Amino acid sequence: MQIDLTGRTALVTGSTQGIGAAIAAGLARSGARVGVNGRNEKRVAEGVERLAAEVPGADFVPVAADVSNEEGAQRVLETLPEVDILVNNLGIFGSADPLEISDEEWRRYFEVNVLAAVRLIRMYLPGMTERGWGRIQNIASDSAVVIPAEMIHYGMSKTALLAVGRGFAKQAAGTGVTVNSVIAGPTHTGGVEDFVYELVDRDLPWDEAQREFMRKHRPQSLLHRLIEPEEIAHMVVYLSSDQASATTGGALRVDGGYIDSILP
Ligand SMILES: NC(=O)c1ccc[n+]([C@@H]2O[C@H](COP(=O)([O-])OP(=O)(O)OC[C@H]3O[C@@H](n4cnc5c(N)ncnc54)[C@H](OP(=O)(O)O)[C@@H]3O)[C@@H](O)[C@H]2O)c1
């Protein structure tokens, strides 16, 4: 299958590192112009520099803005008025005693992980439907389905994101715009290294720490290892393509078989 995204403009939120950066690289490799987003100009410039070295000749647009608030989202819109492929990748996570999570923290998880995506969909969906083509993807998590006791607030936000994806897919029905969620499983990123070290002995070298983490906290994984960010990106690139035109309203898993379910 040849995926050609030439002429398409993509925006990947939270793409200065981790899964977002891998998605930005994957989309660019297939020919898309890609907006690279993070909260400040320095980090975005560094992210764009790394991506440009990885995908020579690609067209990356720096988009420095905190998309978890309205002002930041407006700045994104000014930089990229038309987007064909919107990847709501931004997400925060961390472990916390469920009885100790404050109201403010519950709100922060909702604002960053859910409302930021809803706001950008509201901004870009009308243009996509007018042009008769668009791809929206929300990066969810196994935690949307298998709620970890130590991160209920995160699980809540990702379950909500699945609902948002399904609902907006209905809103976009018959327009040429597809809306899907990608359920990522435990993935090897910098953010996750910090998270793993919150749960296992900090003195363990990384390889042992990740094996210990998977054994103790993610024993359902059929991979027995963390997923690499590129493995998530491949699914996102496919869903962004013309070839994925009949897939909408879905939640597709790249979770290493972590969720014990036959469907989807
Ligand atoms: N890693 C996993 O194991 C895993 C598993 C399942 C699902 N996921 C999901 O995959 C997505 C990416 O995770 P990740 O581990 O790759 O994340 P990460 O390494 O923590 O990276 C987060 C990215 O978001 C940016 N960011 C943070 N707050 C922002 C804001 N308010 N506005 C704009 N950008 C912001 C950061 O850039 P700056 O610091 O430069 O602002 C960074 O580029 C998340 O939705 C996460 O829930 C991850």
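The sections below set out a description of the structure shown in this document.

Each value, and the rule that gives it
- Residues numbered from 1 in each chain as written.
- Predicted model: local features only at pLDDT ≥ 70, side-chain atom pairs only at ≥ 80, totals over all residues.
- Heavy atoms only, no water.
- Helix = DSSP H or I, 4+ residues; strand = E, 2+ residues; numbered from the N terminus.
- Rg over C-alpha atoms; globule rule 2.2 N^0.38 Å.
- Buried < 20%, exposed > 50% of the residue type's maximum accessible area, 1.4 Å probe, protein only.
- Contact = heavy atoms within 4.5 Å.
- Areas by Shrake-Rupley, 256 points an atom, 1.4 Å probe, with all protein chains shown as cover.
- Lys, Arg positive; Asp, Glu negative; His and termini not counted.
- Charge placed at Lys NZ, Arg CZ, Asp CG, Glu CD.
- Near = heavy atom within 4 Å.
- Polar contact = N/O pair within 3.5 Å; in protein donor to acceptor, adjacent residues only side chain to side chain.
- Nonpolar A, V, L, I, M, F, W, Y, C, P; charged D, E, K, R; others polar.
- Pairing = 2+ DSSP bridges.
- Right-handed = clockwise from strand over helix to strand, strands pointing away.
- Phe/Tyr/Trp six-rings, centres within 6.5 Å; stacked < 30°, edge-to-face > 60°.
- Lys NZ or Arg CZ within 6 Å of the ring centre and 35° of its normal.
- Axes fitted to C-alpha atoms, helices over the stretch in contact; angles between N-to-C directions.

**Structural notes on the overall build of the chain**
And step 1. The helix and strand tally for the chain stands at eight helices and seven strands.
And step 2. Over its C-alpha atoms the chain spans a radius of gyration of 18 Å, differing by no more than 12% from the 18 Å that the globule rule assigns to 264 residues.
And step 3. Counting only C-alpha atoms, the chain reaches 50 × 40 × 40 Å along its principal axes.
And step 4. The 264 residues of the chain split such that 50% are buried.
And step 5. Looking at the chain alone, contacts between residues at least 24 apart form 73% of all its contacts between residues at least 6 apart.
And step 6. Surface accessibility of the chain: about 12300 Å² in total, with carbon and sulfur atoms responsible for 51%.
And step 7. Looking at charge distribution, the chain has the averaged site of its 24 positive side-chain charges lying 4 Å from that of its 35 negative ones.

**Quick notes on the site of the ligand**
And step 1. Neighbouring residues of the ligand: 30 residues in total, closest T16, D66, N89, Y154 and T187.
And step 2. With respect to the ligand, the side chain of D66 contributes an N or O atom lying 2.7 Å from a nitrogen atom.
And step 3. Computed on the free molecule, the ligand has an accessible area of 900 Å², of which 93% lies beneath the protein chains in the complex.
And step 4. If you list the elements that add at least two residues to the shell around the ligand, you get α1 (18-29), β2 (33-38), β5 (134-141), α5 (152-171) and α6 (190-199).
And step 5. Element by element, the count of residues in the shell around the ligand is highest for β5, at three residues.
And step 6. Its residues assigned to classes, the shell around the ligand shows 11 nonpolar, 15 polar and four charged.

**Quick look at the side chain of Q210**
And step 1. If you trace the backbone, Q210 turns up in helix α7 (residues 206-217).
And step 2. Classification of Q210 by relative accessible area gives buried; the value is 14%.

**Side note on the pairing of β2**
And step 1. Among the six residues that make up β2, five are buried, leaving the element largely enclosed by the rest of the structure.
And step 2. Looking at chain direction, strand β1 (residues 9-12) and β2 are connected through four bridges and run parallel. Paired with V12 across the two strands is V36, which belongs to β2.
And step 3. You can see the chain leave β1, run along α1 and come back into β2, and the turn it takes is right-handed.
And step 4. One ladder, built from five bridges, connects β2 with strand β3 (residues 60-64); its direction is parallel. Residue G35 lies in a different strand from β3, and its bridge partner there is V61.
And step 5. The β-α-β motif built from β2, the intervening helix α2 (residues 41-54) and the parallel element β3 has right-handed crossover chirality.

**A look at unusual backbone geometry**
And step 1. We note that H224 has phi near 60°; this positive angle belongs to a residue other than glycine.
And step 2. Note on placement: H224 falls in the loop between α7 and α8 (229-239).
And step 3. In this structure H224 comes out as exposed when scored by relative accessible area, which is 63%.

**Some remarks on the packing of aromatic side chains**
And step 1. Throughout the structure, instances matching the rule amount to four aromatic pairs.
And step 2. Seen in terms of ring centroids, F93 and F195 are 6.4 Å apart; in terms of plane orientation they differ by 85°. Their pairing is edge-to-face. On the criterion of sequence distance, the pair formed by F93 in the loop between β4 (85-88) and α4 (103-131) and F195 in helix α6 is long-range, its members being 102 residues apart.
And step 3. With a centroid separation of 6.0 Å and an interplanar angle of 80°, the aromatic rings of F195 and F213 are classed as edge-to-face. Taken together, the residues span a long stretch of sequence, with F195 in helix α6 and F213 in helix α7 at a distance of 18 residues. The exposure classification of F195 matches that of F213, with both residues buried.
And step 4. One aromatic cluster is present, formed by F93, Y154, F195 and F213 through successive ring pairs.
And step 5. In this structure, R8 packs its charged tip against the face of W133, placed 3.5 Å from the ring centre.

**Here we look at the sheet that holds β1**
Whenever strands of a sheet pair, they do so through backbone hydrogen bonds, lying parallel or antiparallel.
And step 1. Taken together, seven strands build an open sheet; the order of strands is β3-β2-β1-β4-β5-β6-β7 and the sheet is parallel. The open sheet has two edge strands with one neighbour each: β3 and β7 (251-254). This sheet shows a mean twist of 20° between the axes of neighbouring strands, independent of strand direction.
And step 2. Direction of pairing for β1 relative to β4: parallel, over a ladder of three bridges. Residue pairing for β4: V12 is matched across the bridge by V87.
And step 3. Its contacts with the sheet put α4 on β1, β4, β5 and β6 (177-184), and the angle it makes with β4 is roughly 170°.
And step 4. Against the sheet, α8 touches β4, β5, β6 and β7, its axis set at about 170° to β6.

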